[in-house]
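Residue-level listing of the chains:
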Amino acid sequence: MKLRSLGIALAATAALIVLPTTHPPAAAADTPLSQGKTATASSTENAGTAAAKAVDGDTGTRWSSAAADDQWFQVDLGATASVTQVVLNWETAYGKDYKVQISTDGTNWSDLKSVTGSDGGADTLDVSGQGRYVRMLGVHRATPWGYSLWEFQVFGSTSGTQPACGTANAAQGRPATASSTENAGTPASAAVDGDTKTRWSSQASDPQWLQVDLGAVKNLCQVDLNWEAAYGKDFQLQASADGQNWTTLKTVTGASGGTASYDVSGSGRYLRIYGTTRGTGYGYSLWEVAVHTGSTGTPPVQGGGDLGPNVIVVDPSTPDLQKKFDDVFAQQESSQFGTGRYQFLLKPGTYNGINAQLGFYTSISGLGLNPDDTRINGDVTVDAGWFNGNATQNFWRSAENLAIKPAGGTDRWAVAQAAPFRRIHVQGGLNLAPNGYGWASGGYIADSKIDGTVGPYSQQQWYTRDSSVGAWTNGVWNMTFSGVQGAPATNFDSGPYTTLDTTPVSREKPFLHLDGSTYKVFVPAKRTNVRGVSWPANAGTSIPLDQFYVVKPGATAATINQALDQGLNLLFTPGVYHLDQTIDITRADTVVLGLGLATLVPDNGIDAMHVADVDGVKLAGFLIDAGPVNSDTLLRIGTPGSTADHSANPTTMQDVFVRIGGAGPGLATNSVVVDSDDVIIDHTWIWRADHGSGVGWDTNRADYGLRVNGDDVLATGLFVEHFSKYDVYWNGERGRTIFFQNEKAYDAPNAAAITRDGIVGYAAYKVADSVTTHEAWGLGSYCNYTADPSIVQAHGFQVPTTAGIKMHDLLVISLGGKGQYAHVVNTTGAPTSGTDTVPSKVTQFP
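To start, this report covers the structure provided alongside it. Note on numbering: residues in each chain are counted from 1, in written sequence order. At least 70 in pLDDT is required for a residue's local features to be given in this predicted model, at least 80 for side-chain atom pairs to be given and counted, and no such filter applies to totals for whole chains, interfaces and linings, which use all residues. Based on all heavy atoms of the structure, the side-chain values leave hydrogens and waters out of the count.

### Observations regarding the sheet that holds strand β39 (residues 609-611)
Then comes step 1: We call two strands paired when DSSP finds no fewer than two bridges between them. Each helix is a run of DSSP H or I of at least 4 residues and each strand a run of E of at least 2, with the numbering of both proceeding from the N terminus. A sheet is described by the order of its strands in space; here eight strands give the open sequence β37-β39-β41-β43-β45-β47-β51-β54, paired in parallel fashion. Among the strands making up the open sheet, the edge pair consists of β37 (583-585) and β54 (797-798).
Then comes step 2: Where strand β47 (residues 728-730) meets strand β51 (residues 765-767), three bridges bridge the pair, whose relative direction is parallel. Opposite Trp-730, over in β51, you have Val-767 as the bridge partner.

In structure tokens:
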């Protein structure tokens with residue numbers, strides 16, 4: 001609050017001493033339900049008046065807001081409560097007109113009391129309502145300052161053991177089976193696909209059942225049934241831990257169909273609807289089944305909170321700011337397989353004379369809504385001094401949402417894979433090569449504006465999407481552009497360029513920003529056939545941080561899954577997270593965002609993460625590192641046989657990186673499997689390690705990098721390397737890839753080890769023989785068979801020869817003559833050139 005005059009300050013003191021007798025405080029013997037609970041607010045005046053101060057039980061501390069109306073303060077009681085009284089102990093800056101509201105989910109609010117003409121002091125309000133969240137919504141202030149509360153107290157009672165039943169549908173997109181189906185058009189999966197126009201129906205006999213596998217044992221609290229006209233009259237809702245032994249949760253008799261919800265109490269991994277009597281002469285038929293879960297006996301996971309020890313938040317006045325960057329860089333510069341993880345967050349403002357050098361697992365981001373809100377008059381630098389000027393191992397770092405005015409006119413960003421440069425405004429040029437122009441193997445730019453010239457120089461390959469550049473000069477093998485203003489024209493016959501005027505579908509990566517003093521995550525909207533940056537228009541929505549579980553090192557997978565069951569999103573702070581159960585995302589539109597290359601390690605052979613076949617999940621900004629016991633699939637999006645249409649709201653996977661080996665032995669049969677339709681894979685590096693610890697043909701065995709079974713999947717910026725079999729195996733229809741970079745496994749022991757069906761070498765990019773429609777642009781595969789340089793791989797790319805398959809601008813290269821390719825695609829294209837490291841190209845196939 002601004003400094004007030006002495007007279008006003010004395011008046012404020014008097015107001016605290018002489019409280020109006022018409023508003024007595026609650027009895028001291030009562031302990032409010034709100035005391036010590038999580039509190040949030042629309043704004044805070046300063047760091048000393050945080051929301052938590054109004055529920056700490058100390059009448060000498062307070063919350064105060066910004067000096068504006070329509071401010072709010074809310075408290076999460078931790079469980080559903082019957083609320084009977086609310087006491088507001090106002091400081092001098094009080095609310096004249098306000099509402100006290102209640103909510104079960106923190107989103108939809110009901111009025112408990114409307115107050116007009118309050119005279120401050122302590123307002124004691126008798127109310128009646130049930131909910132988990134209670135808030136004060138200010139309408140008109142009584143003073144020129146904001147709203148200020150010494151204490152906000154909520155009184156009532158809770159059940160003590162059972163928090164509110166979760167709103168998320170734990171059944172959606174999960175595997176479903178049934179005793180029978182009427183026909184192929186009414187499978188069991190149609191009752192859990194989230195589409196009320198598809199249905200499961202059984203044969204016309206009793207009994208029949210439908211069951212869904214929730215993926216793990218969960219506490220079950222509600223089942224919703226949406227019957228088609230052929231409904232069940234008598235049935236049981238049953239649960240099982242193993243799918244064999246069933247417990248009846250509820251017996252229903254005399255039902256009349258339609259839509260009905262049933263409260264249940266019990267636990268199980270499997271939920272079954274067991275029909276004993278049909279309501280019609282037809283079978284049983286359900287449009288949808290929804291299953292809701294709770295966490296009986298376990299305190300609810302709280303949303304929001306601080307960002308943990310490895311997030312460094314600064315502003316232009318932060319003391320010794322350059323030293324903060326330098327200290328982290330000194331630790332991370334060469335720590336390629338270390339455990340340090342760091343995120344710098346820069347509040348809006350102008351930073352002068354800064355050079356933020358970024359080492360491994362270090363990210364820098366602005367906290368404005370637009371890049372130009374956070375301006376660096378200086379540099380954000382990646383160079384390769386640690387590796388003798390060789391930038392080919394400058395992995396795992398990022399820069400986002402900043403404006404950079406380079407001190408010397410040109411910023412240096414000499415990176416390799418897994419180092420995204422997003423949403424950056426460079427007020428000058430950008431050099432993608434290391435000092436001395438040593439080797440470099442990158443890279444990715446998106447949603448960025450570079451006013452000057454981008455110079456790749458020694459960069460072997462690069463992909464740029466939905467951006468603008470003043471100019472682009474040179475390049476080595478494969479420079480691919482889509483939706484880039486100022487991009488060079490396509491010239492792949494004699495040059496490295498492949499240029500698409502627009503990107504067919506894109507959605508920018510979610511990012512953290514400040515709205516006043518409140519952290520929010522901005523989720524950009526989907527765009528189609530676009531060219532240029534998405535800002536400052538910024539179509540999309542912002543989600544407050546209190547709707548995220550802020551995951552910190554030491555968090556368990558059980559807590560993470562509980563948070564998801566409660567309907568929270570996930571924000572992983574920098575760290576390494578060992579998982580003893582699969583992270584299971586079942587709710588549409590869930591956001592999973594990592595800071596500082598947060599790393600997930602599945603232990604004991606589990607899968608790291610599963611995403612149900614639902615709309616609009618956003619995965620962004622984290623690394624999955626395989627454990628020493630073989631996982632079947634590190635990341636699965638959708639479920640086998642998924643068919644739901646997600647074109648209006650696709651799931652996106654952005655800056656999600658996968659590593660098998662390097663930091664130690666790692667094993668996985670499949671790295672990423674996409675079963676859902678319409679998924680957008682926007683920049684990934686899926687890497688079976690060729691160096692580091694735990695590296696060897698069997699030590700870090702991994703058969704497949706990316707397997708795509710869903711239809712209409714789009715990949716923009718696909719880096720997949722060194723897998724034991726196919727690096728990419730595309731089995732879905734109408735798939736599209738814009739830019740692909742690959743190296744075959746260095747350590748294949750001999751030709752026999754990679755021969756199948758009489759063909760030597762698994763293709764880097766294989767389109768299944770059954771596929772009729774597929775298109776790709778700007779693809780490169782390189783071989784470096786160091787274990788057996790005599791290997792001659794049949795081809796880099798293998799696709800069906802049909803009119804619906806269109807491959808543009810492909811190349812293969814032998815790196816220094818260690819192994820060769822006989823052809824580029826199928827049996828088309830010249831063999832590679834011995835030791836000359838010159839590409840063999842095909843500009844169009846067929």
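Still to come is the rest of the account.
### Some points on the state of the cysteines
Then comes step 1: Whenever a pair of cysteine sulfur atoms sits within 2.5 Å, that pair is classed as a disulfide. With the rule as written, the count across this model stands at one disulfide.
Then comes step 2: Note that Cys-165 is cross-linked by a disulfide to Cys-221, the S-S spacing being 1.8 Å. Where Cys-165 bonds to Cys-221 through sulfur, the torsion about that S-S bond is close to 80°, and the disulfide is right-handed. Here Cys-221 lies in strand β10 (residues 208-227) and Cys-165 lies in the loop between β7 (148-158) and β8 (176-178), a separation of 56 residues in the sequence.
Then comes step 3: Only protein chains enter the calculation, and the probe is 1.4 Å; a residue is then buried if its accessible area is under 20% of its type maximum, exposed if over 50%, and partly exposed in between. Its relative accessible area of 27% is what places Cys-165 among the partly exposed residues.

### Remarks on the pairing of strand β20 (residues 397-405)
Then comes step 1: Burial within β20 is extensive, with eight of its nine residues counted as buried.
Then comes step 2: Relative to β20, strand β18 (residues 362-366) is paired through four bridges, and the arrangement is parallel. Paired with Thr-362 across the two strands is Arg-397, which belongs to β20.
Then comes step 3: As judged from the three bridges shared by strand β19 (residues 374-381) and β20, these two strands associate in the parallel manner. Among the inter-strand pairings, Ile-376 is bridged to a residue of β20, identified as Ile-404.
Then comes step 4: Looking at chain direction, β20 and strand β22 (residues 421-426) are connected through five bridges and run parallel. Bridged to Ala-403 within β22 is His-425.

### Brief notes about the side chain of Asn-478
Then comes step 1: Within the secondary structure layout, Asn-478 lies in strand β27 (residues 478-485).
Then comes step 2: Relative accessible area serves as the criterion here: at 1%, Asn-478 is assigned to the buried category.
Then comes step 3: A distance of 3.2 Å separates a polar atom in the side chain of Asn-478 from the backbone oxygen of Gly-778.
Then comes step 4: Setting aside residues no more than four positions away along its own chain, Asn-478 makes contact with Gln-460, Gln-461, Trp-462, Phe-492, Pro-496, Phe-739, Phe-740, Gly-778, Leu-779, Gly-780 and Leu-811. Think of a polar contact as two N or O atoms within 3.5 Å of one another; within protein, one of them needs to be a possible hydrogen donor and the other a possible acceptor, and neighboring residues in sequence only count if both atoms come from side chains. Should any heavy atoms of two residues lie within 4.5 Å, those residues are counted as being in contact.

### So, empty space enclosed by the protein
Then comes step 1: Detection works on a 1 Å grid of protein atoms alone, calling trapped sets that fit a 1.4 Å probe cavities and calling open sets with protein on both sides within 12 Å along at least five of seven lines pockets, with lining residues defined by an atom within 4 Å of a point. Grid points are joined across faces, edges and corners, and a volume is the space filled by probe spheres set on the points. A complete count under the given rule lists four cavities of 30 Å³ or more for this structure.
Then comes step 2: Taken as a whole, the largest cavity spans an internal volume of roughly 180 Å³.
Then comes step 3: Around the largest cavity, the lining is made up of 22 residues, and of these Gln-343, Ser-365, Glu-400, Lys-509 and Gly-594 lie nearest the centre.
Then comes step 4: As for the second largest cavity, its lining consists of Glu-400, Asn-401, Arg-422, Arg-423, Asp-447, Glu-508, Lys-509, Pro-510 and Phe-511.
Then comes step 5: Where the lining of the second largest cavity is concerned, the elements lending two or more residues are β20 and β22.
Then comes step 6: Gly is placed with the polar residues, together with every amino acid not listed as nonpolar (Ala, Val, Leu, Ile, Met, Phe, Trp, Tyr, Cys and Pro) or charged (Asp, Glu, Lys and Arg). Classifying every residue of the lining of the second largest cavity gives two nonpolar, one polar and six charged.

### Here's the deal with the layout of surface pockets
Then comes step 1: Approximately 820 Å³ is the volume attributed to the second largest pocket.
Then comes step 2: If you trace the second largest pocket, you find 29 residues lining it, with Ala-41, Thr-44, Ser-517, Thr-518 and Tyr-519 closest to the centre.
Then comes step 3: Looking at the lining of the second largest pocket, the elements with two or more residues in it are β1 (38-41), β30 (511-515) and β31 (518-524).
Then comes step 4: When residues in the lining of the second largest pocket are grouped by element, the largest group, four residues, is from β1.
Then comes step 5: Looking at side-chain class alone, the lining of the second largest pocket contains 12 nonpolar, 11 polar and six charged residues.

### Quick look at the packing of aromatic side chains
Then comes step 1: A pair of aromatic rings is counted whenever rings of Phe, Tyr or Trp (Trp by its six-membered ring) have centres within 6.5 Å, and the orientation is called stacked for planes under 30 degrees apart, edge-to-face for over 60 and tilted otherwise. If you walk through the whole model with that rule in mind, you get 37 aromatic pairs.
Then comes step 2: Ring geometry for Trp-413 and Phe-421: centres 5.1 Å apart, planes at 55°, overall tilted. Pair check on accessibility: Trp-413 and Phe-421 agree, each one buried.
Then comes step 3: With centroids separated by 5.5 Å and ring planes inclined at 45°, the aromatic side chains of Phe-511 and Phe-522 adopt a geometry described as tilted. Taken together, the residues span a long stretch of sequence, with Phe-511 in strand β30 and Phe-522 in strand β31 at a distance of 11 residues.

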